[in-house]
Amino acid sequence: MNSRSGPLAVVAAAVLWGTAGTAGTLAAAGSVSLAAARLVLGGALLGALALVRQRRASGGNVPMRRSLIFGAAAVAAYQLCFFAAVGRTGVAIGTVVAIGSGPVFTGLLSWIAGRERPSGRWALATAAAVAGCAVLVTGGRGTGGVDAGGVALALLGGLLYAFYAVVAARAIGGGMESGTVMGVMFGGAAVLMLPVLALTGPGWLARPGGLLTALYLGCATTGLAYLLYGRGLRTTPVATAATLALAEPAVAALLGVVALREHLSLVSWAGLVLLALGLVVVALPAGTRPPGTPAPETPKAPARGRH
């Protein structure tokens with residue numbers, strides 16, 4: 001995979017994640033139970049694919065790293081923190097804080113772990129994308145009276161997301177196959193989320209509509225999406241990938257307008273445009289100028305020629 005296709009793979013993953021909310025409306029299930037089923041099915045699929053791939057390649061077991069076990073725990077804990085935050089703050093604020101803080105935490109953690117300082121362009125583009133995400137989701141409405149504990153849970157969710165993204169990126173950068181990394185982390189998370197699914201009432205899975213929805217969420221928005229995300233991490237810095245993943249709420253909003261006849265205010269549309277501009281800038285390859293930026297003046301060659 002070349003460096004240009006990496007960001008495309010990440011954005012494709014974010015597009016799939018963005019369809020989850022619309023698809024979830026087709027199942028008569030609680031949000032926590034739905035998320036647990038999605039992770040259990042998707043994680044089981046990723047784990048099985050990793051096991052088959054590894055045995056075909058070397059005839060051995062899937063390699064395990066302690067960091068990937070912690071990553072699996074973070075994947076499961078993120079789900080619980082996110083839905084707990086949404087329950088206390090509401091969908092809009094919980095989503096903005098959790099998803100919006102993810103790229104910031106990812107940039108900081110990747111800087112600490114890899115000693116790679118994020119570029120100024122990344123910082124500005126990420127700030128624009130996060131601001132656009134906030135305006136898109138909230139519609140410019142105020143956030144007075146927000147539950148502080150819920151915001152803290154959402155921030156913890158953003159940190160957990162950043163942690164497992166950085167863990168995955170470092171394992172892939174260290175030579176592990178991306179599908180194996182995702183299989184280990186999400187397969188482990190599936191095992192951890194099984195009790196949650198059992199306790200939240202999985203009876204809705206017995207209905208055809210519920211089962212089909214869960215299969216789509218598990219296979220497409222988790223299994224396929226994280227395979228694409230892992231492939232993207234092969235050539236895309238994890239901080240950049242986390243920012244590109246902000247395409248998820250944009251896709252969800254557009255699907256809400258098209259499929260669910262939802263209405264976006266003019267302010268929300270402005271936020272969508274700002275988010276899109278931030279994603280375009282952060283996706284540009286290093287050394288590429290953003291549109292509208294004048295070319296630097298070419299220095300004159302010394303009279304004596306090149307050194």
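What you see is a predicted model, and the numbers here were worked out from it, not measured in a lab.

### A word on the overall build of the protein
Working step 1: The helix and strand inventory of the protein stands at twelve helices and zero strands.
Working step 2: The proportion of buried residues among the 307 residues of the protein is 45%.
Working step 3: In the protein, 86% of the contacts between residues at least 6 apart in sequence involve partners at least 24 apart.
Working step 4: Accessible area of the protein: about 15,100 Å², with a carbon and sulfur share of 67%.

### Section: the confidence of the model for the protein
Working step 1: The share of residues in the protein with pLDDT of 70 or more is 87%, and the mean pLDDT across the chain is 86.
Working step 2: Low pLDDT (under 50) marks residues 291-307, which in the prediction has four contacts with non-local residues, meaning those over four places away or in another chain.

### Thoughts on the pattern of salt bridges
Working step 1: Going through the model one piece at a time under the given rule, you end up with three salt bridges.
Working step 2: One continuous salt-bridge network, built from bridges that share partners, spans Arg53, Glu177 and Arg234.

### As for the side chain of Thr89
Working step 1: If you trace the backbone, Thr89 turns up in helix α4 (residues 66-89).
Working step 2: What makes Thr89 buried here is its relative accessible area of 16%.
Working step 3: A distance of 3.2 Å separates a polar side-chain atom of Thr89 from the backbone nitrogen of Gly94.

### Things to note about the environment of Ser31
Working step 1: When you line up the elements, Ser31 lands in helix α3 (residues 31-58).
Working step 2: Take Ser31: its relative accessible area is 42%, and that puts it in the partly exposed class.
Working step 3: Considering only alpha carbons, one finds Ser31 and Thr200, 169 residues apart in sequence, at a separation of 9.6 Å.

### Observations regarding the nonpolar core
Working step 1: Grouped together as the largest cluster of nonpolar side chains are 76 residues, with contacts concentrated most on Tyr164, Phe186, Tyr229 and Leu233.
Working step 2: At eleven residues, the largest contribution of residues to this core is made by helix α7 (residues 148-173).
Working step 3: In contact with Leu233, other than residues within four places in its own chain, are Ala165, Ala168, Ala169, Ile172, Met182, Val238 and Ala241.

### Some remarks on a nonpolar patch on the surface
Working step 1: On the surface, a nonpolar cluster with roughly 330 Å² of combined accessible area is contributed by Leu41, Leu211, Leu212 and Leu215.
Working step 2: Take Leu41: it is sitting in helix α3.

### What about the packing of helix α5 (residues 91-114) against α7?
Working step 1: Put simply, α5 and α7 touch, their axes get as near as 7 Å, and they point 40 degrees apart. As summarised for this structure, α5 and α7 are arranged oblique, according to the angle between their axes. At the point where α5 passes α7, the crossing takes the right-handed sense. For the pair formed by α5 and α7, the contact residues are Gly94, Val97, Ala98, Ser101, Gly102, Phe105, Thr106, Leu109, Ser110, Ala113 and Gly114 on the first element and Val151, Ala154, Leu155, Gly158, Leu159, Tyr161, Ala162, Phe163, Val166 and Arg170 on the second.
Working step 2: Tallied by class, the residues present in the contact of α5 with α7 amount to 13 nonpolar, seven polar and one charged.

### Notes on the packing of aromatic side chains
Working step 1: A complete count under the given rule lists nine aromatic pairs for this structure.
Working step 2: Consider the rings of Trp17 and Tyr229, whose centres lie 5.4 Å apart with planes at 55 degrees: the pair is tilted. Of this pair, Trp17 sits in helix α1 (residues 5-18) while Tyr229 sits in helix α9 (residues 208-233); the two residues are 212 residues apart in sequence, bridging distant segments of the chain.
Working step 3: Considering the side-chain rings of Tyr226 and Tyr229, the 6.0 Å spacing of their centres and the 80 degrees angle between planes classify their relative orientation as edge-to-face. Highlighted residues: Tyr226 and Tyr229, both in helix α9, separated by three residues, approximately one helical turn. Across the pair, exposure class does not vary: Tyr226 and Tyr229 are buried alike.
Working step 4: By way of ring pairs, the aromatic residues Trp17, Tyr78, Phe82, Phe83, Tyr161, Tyr164, Phe186, Tyr226 and Tyr229 are connected into one cluster.

### Some remarks on α9
Working step 1: End to end, α9 covers 36 Å across 26 residues, agreeing with the expected 38 Å (1.5 Å per residue, within 8%).
Working step 2: Where α9 bends most, at Ala225, the angle is about 30 degrees.

### Quick word on the packing of α4 against helix α8 (residues 178-199)
Working step 1: Relative orientation of the contacting elements α4 and α8 amounts to 50 degrees, with a least axis distance of 8 Å. With respect to α8, the axis of α4 lies oblique. Where α4 crosses over α8, the two elements pack in a sense that is right-handed. Across from Leu68, Gly71, Ala72, Ala73, Val75, Ala76, Gln79 and Leu80 in α4, the residues of α8 making contact are Val181, Val184, Met185, Phe186, Gly188, Ala189, Leu192, Met193 and Val196.

### Quick notes on the environment of Ser101
Working step 1: Within the secondary structure layout, Ser101 lies in helix α5.
Working step 2: C-alpha of Ser101 to C-alpha of Leu156: the two residues are 55 residues apart in sequence and 9.2 Å apart in space.

Rules of the game
Residues numbered from 1 in each chain as written. Predicted model: local features only at pLDDT ≥ 70, side-chain atom pairs only at ≥ 80, totals over all residues. Heavy atoms only, no water. Helix = DSSP H or I, 4+ residues; strand = E, 2+ residues; numbered from the N terminus. Buried < 20%, exposed > 50% of the residue type's maximum accessible area, 1.4 Å probe, protein only. Contact = heavy atoms within 4.5 Å. Areas by Shrake-Rupley, 256 points an atom, 1.4 Å probe, with all protein chains shown as cover. pLDDT = per-residue confidence, 0-100. Salt bridge = Lys/Arg side-chain N within 4 Å of Asp/Glu carboxyl O. Polar contact = N/O pair within 3.5 Å; in protein donor to acceptor, adjacent residues only side chain to side chain. Core = buried A, V, L, I, M, F, W, Y, C linked by side-chain atoms within 4.5 Å. Patch = residues over 30% accessible without salt bridge, like charges linked within 9 Å, V, L, I, M, F, W, Y side chains within 5 Å. Axes fitted to C-alpha atoms, helices over the stretch in contact; angles between N-to-C directions. Parallel < 35°, antiparallel > 145°, perpendicular 65-115°, else oblique. Left-handed = near helix turned anticlockwise from the far one by under 90°. Nonpolar A, V, L, I, M, F, W, Y, C, P; charged D, E, K, R; others polar. Phe/Tyr/Trp six-rings, centres within 6.5 Å; stacked < 30°, edge-to-face > 60°. Expected span 1.5 Å × (residues − 1). Bend = angle between axes of the 7 residues up to and from the residue.

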